[in-house]
Amino acid sequence: MDSEVKSESKIIGWREWVSMPNLGLVAIKGKVDTGAKTSSLHAFDINLEKKGTKTYVNFKVHPIQGDFTVVISCRAPLVDIRSVTDSGGHKEDRYVIRTTMVIANIKKKIELTLSNRETMKFRMLIGRAALKHFYIDSTQSYLAGKTIKQKRFIKELKLMRGKV
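This structure is a prediction, so every number in the text was calculated from the model and none was measured.

What counts and how
Residues numbered from 1 in each chain as written. Predicted model: local features only at pLDDT ≥ 70, side-chain atom pairs only at ≥ 80, totals over all residues. Heavy atoms only, no water. Salt bridge = Lys/Arg side-chain N within 4 Å of Asp/Glu carboxyl O. Buried < 20%, exposed > 50% of the residue type's maximum accessible area, 1.4 Å probe, protein only. Helix = DSSP H or I, 4+ residues; strand = E, 2+ residues; numbered from the N terminus. Phe/Tyr/Trp six-rings, centres within 6.5 Å; stacked < 30°, edge-to-face > 60°. Lys NZ or Arg CZ within 6 Å of the ring centre and 35° of its normal.

Time to look at the pattern of salt bridges. Under the counting rule described, the total for this entry stands at six salt bridges. Close ionic contact of aspartate 80 with arginine 82 constitutes a salt bridge, the shortest N to O distance being 3.0 Å. When its relative accessible area of 31% is taken as the criterion, aspartate 80 is described as partly exposed. Across the pair arginine 94 and glutamate 92 runs a salt bridge whose closest N-O atoms are separated by 2.8 Å. The network of salt bridges with common partners includes Asp80, Arg82, Arg98 and Glu111.

In this section: unusual backbone geometry. The general pattern is negative phi for most residues beyond glycine and trans for most peptide bonds. The backbone of aspartate 45 sits at a positive phi, close to 50°, despite the residue not being glycine. Tracing the chain through its elements places aspartate 45 in strand β5 (residues 44-51). Phi is positive for asparagine 105, close to 65°, though the residue is something other than glycine. According to the relative accessible area criterion, asparagine 105 is exposed, its value standing at 66%.

Next up on the list: the packing of aromatic side chains. With the rule as written, the count across this model stands at two aromatic pairs. Measuring from ring centre to ring centre gives 5.8 Å for tryptophan 14 and phenylalanine 122, while their planes differ by 75°; the resulting arrangement is edge-to-face. Note that tryptophan 14 is positioned in the loop between β1 (10-13) and β2 (15-20) and phenylalanine 122 in the loop between β9 (106-115) and β10 (124-126), a separation of 108 residues in sequence. Over the ring of tyrosine 56 we find arginine 75; its NZ or CZ atom is 4.1 Å from the centre of that ring.

Below is the structure:
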């Protein structure tokens with residue numbers, strides 16, 4: 001690792017709160033997955049839209065684990081379609097987008113594959129390509145904490161669901 005990256009690196013846990021402002025996702029739990037090269041985001045109701053020479057992916061996200069009532073609509077330019085092999089050995093063609101991810105006050109442009117992760121515990125997997133400025137402490141969780149925006153967002157969601 002070069003000295004510039006090393007000096008800017010932060011320690012994060014095996015799961016962290018993530019923001020993706022370009023997608024309107026203020027707070028989503030992400031699980032670090034060093035076995036995956038590319039990060040993956042839970043998405044459903046995925047469709048492509050051609051506008052001039054560009055193709056966009058429109059999709060929806062349930063950002064909160066176990067809660068299907070909160071839905072965030074997202075849109076991003078299509079970067080690629082890739083064949084991905086999941087942990088069970090099944091191949092699937094997935095749409096790939098590029099967006100900004102924020103963890104521990106570090107902003108990074110990352111690629112995300114879109115996949116329905118409804119049955120999975122985590123709505124997002126953070127792959128190796130997105131982990132350049134981080135050291136992972138696999139015994140810890142949420143070392144980066146939540147930003148004020150994330151805390152407000154989660155509080156608003158809980159109020160909407162009547163849980164506060």
